[in-house]
Structure formats: C-alpha cells, structure tokens
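The primary structure of each chain is shown beneath.
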Amino acid sequence: MALAETQLYAKVANKHRSKSTSALLESLLDKGFPAHIAQKALVATGQKTIEDAAKWLHSHCNDPSLDDPIPQEYALYLCPTGPLLHRLQEFWKESKRQCGKNRAHEVFPHVTLCDFFTCEDQKVELLYDTLKRVGDSFSQCFPPSISLALHASPSYLGFFIDDIHANVLKDFALAFSSEASALADCHVKPCLKQFHLTLAHKFYPHHQKTLEQLAKCINPGEPCQWVAALYSRDMRFVHYQRLRALFQYKPQNIDELMINAGDFIYVDPTRQSDVSEGWVVGTSHRTGCRGFLPENYTEKAHESDTWVKHREYVFVTASRSSTQAERESNVKLNGEPHNPSTSRSGTSVLSTQNAPLRRAVLVMRHGERVDQVFGKSWLQQCLTADGKYYRADLNLPSALPKRKDSMKQFEYDPPLSCCGIFQSRLIGEALLDQEVMVSYVYSSPALRCVQTAQHVLQGLKLNQKVKIRVELGLFEWTKWEASKAIPNFMTVAELAEAAYNVDTSYRGNFPLSSLVPSESYEDYLSRSSAVMKQIITACPSKGKGVILIVGHGSSLASFTWPLMGLPSRDSSDFAQMVRKIPSLGMCFCEELKEQNKWQMVNPPVKTLTHGANAAFNWRNTVMED
C-alpha cells in the first residue's frame, strides 16, 4: 500500500466515530450488516431508500475495498433548472457536435459554491441538516433572478455573475462552510473568487468564434429556479477516466471483469501500457471489482456520471416557482442533468437539422487483417510442402491474388481475413442504407486497404461506378509498419489483373521512393498533411458528396487534424490513441464552406462491434479425458 494511502487510512480510522440514529441505518443493522459497511452503502446511494442501499451491498459483496474506511468527497453546487437549463443543455450538445468535447462537458451546468471536501460517512447527515438550515436562513434574501454576463477568452467561455448577486452567493457559501466545518468536523472551503457558470473550457483557440456564436443563442434571462445541491464522488478515482459499458461482457478468464450494459468503469490511464491491445484494466463502479475488459465494449463517459446527488435546497422566490415534479424531471439523482426530449416540430436556435448537403471526408481504418488473427507467421501455416497456398482456417482467404514477386511478400503486406471482408461489405451496406453518396475513393497501397475499399464499394453497389485511387502517401507511419524496409506492394496493374476496381490512370502524389523506413513522427505528420491537402484540391469543391479514404488506425487522426486545423499531439499520446481504434473505425468531417473550415461530426453509420472466436479442436475438448 502506498505511503499516502496508508496515512489516509490511519487518519480516518483514528477519528472519533459518532453513532447515527438514522432509520435507514437501523434497518440495515437489523438485517445483520456491520455498522461501517451499512453507513458506506447509505452514503454511496445518497441515503435515499433502504432498497437502494441493500442493492448496493448485494452488488458489492465481492468488493475488495468494502471494509476500507476511505470517505467520499463532497461538493456544493448551485444548479439551474427549468427553461435556462434546457437552453444550456442544447448548448452542451451542439458545442460538442461542432467543436468536439472540452472540459466543460465533463460536468453538468453549475456554479461552484464549495469545492470538494471529505466527510466521514457517519457525519454526512449533518451536512444535510446544515444545507437545510442555511438555505432557510437565506431564502428571503436570495435574488428572484441572477444576472449573468457572457465572458470569453481563448481558453474559457462562460457566464459571470453580477457582483450584487455574487455577494449573496458568497455569504451563503461562507455560512454553509462555517457551520458544516464545525458540526461535521471537516474542512469545507467556500469558493470566494468570481462566481461563474462555465460553458466551455480548455478548447482549441480556433473554436472560440463558433462557441461564442452558440453561446449568444442562450438568453441568460430565461426563467430559472436555482437549486443548491450536494454531490459526492469516490476520492480514489478522481484522476481516472470513466467508461460506460455498451454491452454485457461475461468473463472468459478469472482475471476478467463482468460488466452489464450501462455499467461505469474507472480506468487508470497510467496503468494501461502493459495491457494487451484492445483491452483495458479497470474497476467497476457498480461492483467495486477489478479486471480486464474489451475496450470496444465501452464508450467514454463524463466525470459527473458516477457522482451521487444527496440533497438539494430549492430557492423558492415570489417570482420564480416550480413544482417538485418539474425539478425532478430536470435533474437526475446521480447528478447528471437529464436531457429532456425536444419537440420534433419545434425549431431550436442551436439546431442544424436539415442542413444542406456538404462535401465531406470519411476516413476509415481497414478491416480485420489475417495476421491480426493468426499472427505474423500466418503464411507458414498455409503453405504445403511444395510451397503452394491452402486455406488452413475458414477465416483465411480461399486464395491469394497473383503477384509477380515472391508469395512471401504477403507476410509484409497481408490481406484481409474473411471476417475482414465481411466487415467491409457490412459497412458499405450500412452506408447505402443511410443514402451516403460516395464520389471519390482513395486507398493506402497496402493490400488490406485496397480490399477494404473494394468491399465497401460492393456494399454500396458502386463497385462498377467509382474506381479506387491508390495513393502511396496514405500508407501507415513507417516506423510502425516498415521499420527496416518498405513492403513490396502489389502494383496497380497487378491489382487490376486480380479484379480490384482500381483507377489505372491515377497518378499518385507521392512516389514509392518518398516512403522511407522508420520515418520520424514529424515527417509522417507532414506527409499526411500534404497528401490530405492534395486530395481535397483534386476533388472539386462544388461537388457534394463523400470522399472515402481507406487507411490505417493512425490515419483517423493524422488526416483529420490538418483538415480541421488542429495541432498534433506528442508521439506517445498519439500511439496511445491509435491503439484504441478498431477495425473499420472511422471519422467523418464536413466542410463548412461559408466559414472556410471543416468540422468533425458523427459518422453516418453506427460502429461495428463483435467478439473474438477462438480456434476449436473437438479432439482436445469434447473427447479430452
């Protein structure tokens, strides 16, 4: 155990433990649960119902930290409800769609009154009492509306609160801090700086203008009832990433984690370097258990998704009132704002539905390659004694295309597996269902990329109408794929002879001699930026349709970043990002010609997720003694 954690355990264990008279606690004690575990369950569920606490205890029966005396951290926020909240939620959604995620998206709209502090489990009820008592004392002087003024800088956008109203909030935060510190024996620090409601934080400077335009669509004078709410979070996972499970996963090995759809997983980004590709190791928020899980079964979640909402105080004023039912419909108990469904007939000032068809770029990673399944020595498994290829597994291609040089070159330029072919055609069919109009197709010279493009076009029913332009400049970062020598790719003539629908008249922008082994990260990014610029120039801007680029995992970042004018990340962050991109992963960028820029939006089709299927030998399984 780390020294700091040991000291924390000792500090908590040595404090005086007062007894709670809570009826909920008494019910759990009557069921035979130890007091410290019963209190932990109540705090973890917001001390709302005995059923919630009992369900938590059942889920955490195998939690190795169940007996640990680590307290929760608490924060007091002032949260908007009603029409203003709806407007802010629209901004949250549209700003994320147009400019990508920034730090403000991690938490729901709020004004910080008291930042996070720790409180022992058995004293949390004293915080509830303090919130009600201080709220009652300020209810008469709380302003009927709060004046908000928009403030913008290259890295921050938000509403600043008028000084007169801010002074009332400061007094409220001070009163809560003082009384809570004295009664609950905890150190509560009130926020005394400029009170603000953040709209966007730590975004790219070139997004500032777009974000400001969206923010100006928010009327800060919208009706609003303000609520002082107490939230908690698990202090052990403050700096962890949060993932949300999309599907159920049943462990195949003892070190794997059982997850259900909707579960939240805490993942320490500093401890993933030794984990196998496509997997992460994390701790379940629902069960407290730790183990490995497939990363493509999850999506990124927000920081506040795992917070617990404990109590709130509603400031009811003469000119601003709402019912309890209205408040509950706006804010969920776990602290994440509820996204109310908007009327389909209504028109939002932030809405971009029914926008005109724009030129777009779809960058896609190739499908599953054979060596991804059968290893680097896959070809050796498929050669007869006289050097002829045969299909050793149904997921291997039935035949290999003819090439003039040695068949051994397929080891360095592997084809798709049969599943990879199926994946590619499935994506093409999905694009056809969504009526995506592909006008141009570019492919890396790697055989797996050309095959992916071919089968996507077959799914789109465009294989006889749109030809594949093989572009050498689209090849993978050579440090990863060609550290010693550039692969001998099949020539365009060989590809055409093998019935691949390639454009034999196309002359690429980069000759083969321009690809050098083990190129630097900077040279790779420079190559990617240059080829992207040339592709965009070669495809008429008046054309309205999709430019499909089939490349590698790294392509999704190295081609879209320069297109949107984004700065690059350092090479270690880049490598960590690329390892998370699955087969047929894709990014979709639309051109905003009137603004002379490109933006990344959701791809036109859903992601493709599937599990592994190991080799099976009946003799060693069914007939095993």
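Residues numbered from 1 in each chain as written. Predicted model: local features only at pLDDT ≥ 70, side-chain atom pairs only at ≥ 80, totals over all residues. Heavy atoms only, no water.

Asker: I keep staring at the overall build of the chain and nothing clicks. Help me out?
Answerer: Counting its secondary structure elements, the chain contains 19 helices and 18 strands. Burial status across the chain gives 50% buried among its 625 residues. Within the chain, residue pairs in contact and separated by at least 24 positions form 77% of the contacts whose partners lie at least 6 positions apart. For the chain, the accessible area works out to roughly 31,100 Å², and carbon and sulfur atoms hold 52% of it. (Helix = DSSP H or I, 4+ residues; strand = E, 2+ residues; numbered from the N terminus. Buried < 20%, exposed > 50% of the residue type's maximum accessible area, 1.4 Å probe, protein only. Contact = heavy atoms within 4.5 Å. Areas by Shrake-Rupley, 256 points an atom, 1.4 Å probe, with all protein chains shown as cover.)

Asker: Mind showing me how you'd approach unusual backbone geometry here?
Answerer: Among all residues save glycine, negative phi is the norm, and among peptide bonds the norm is trans. A positive phi is found at Gln 47, a non-glycine position, where the angle reads about 50°. Tracing the sequence through the fold places Gln 47 in the loop between α3 (35-44) and α4 (50-59). At Ala 499, a residue that is not glycine, the phi angle is positive and equals roughly 75°. Residue position: Ala 499 is located in the loop between α14 (492-497) and α15 (521-538).

Asker: What should I look at first to understand the nonpolar core in this one?
Answerer: Here is a general trend for soluble globular proteins: nonpolar side chains tend to be buried in one another's company. Core analysis: the biggest nonpolar cluster contains 51 residues, and Leu 199 and Trp 226 have the highest contact counts within it. Ranked by the residues each element gives to this core, the list is headed by helix α7 (residues 163-184), at eight residues. Sequence-distant contacts of Trp 226, defined by excluding residues within four places in its chain, comprise Leu 78, Cys 79, Pro 80, Leu 84, Val 111, Phe 142, Ile 146, Leu 148, Leu 197, Tyr 313, Val 314 and Phe 315. Core analysis: the second largest hydrophobic core is formed by 47 residues, Phe 374, Leu 379, Phe 410 and Met 586 among them. (Core = buried A, V, L, I, M, F, W, Y, C linked by side-chain atoms within 4.5 Å.)

Asker: Where do I start with the sheet that holds strand β2 (residues 111-119) in this structure?
Answerer: Hydrogen bonding along the main chain pairs the strands of a sheet, whether they run parallel or antiparallel. A sheet is described by the order of its strands in space; here four strands give the open sequence β2-β1-β6-β12, paired in antiparallel fashion. Pairing within the sheet leaves two strands with one partner each, and these edge strands are β2 and β12 (308-314). Adjacent strand axes in the sheet meet at a mean angle of 20°, parallel and antiparallel pairs treated alike. As paired elements, strand β1 (residues 72-81) and β2 share six bridges and run antiparallel to each other. By the bridge assignment for β2, Leu 78 is matched with Val 111. Of the strands in this sheet, β1, β2, β6 (225-234) and β12 are in contact with helix α6 (residues 124-138), which crosses β12 at around 20°. Where α7 meets the sheet, it contacts β1, β2 and β6, and its direction lies at approximately 10° from that of β2. (Pairing = 2+ DSSP bridges. Axes fitted to C-alpha atoms, helices over the stretch in contact; angles between N-to-C directions.)

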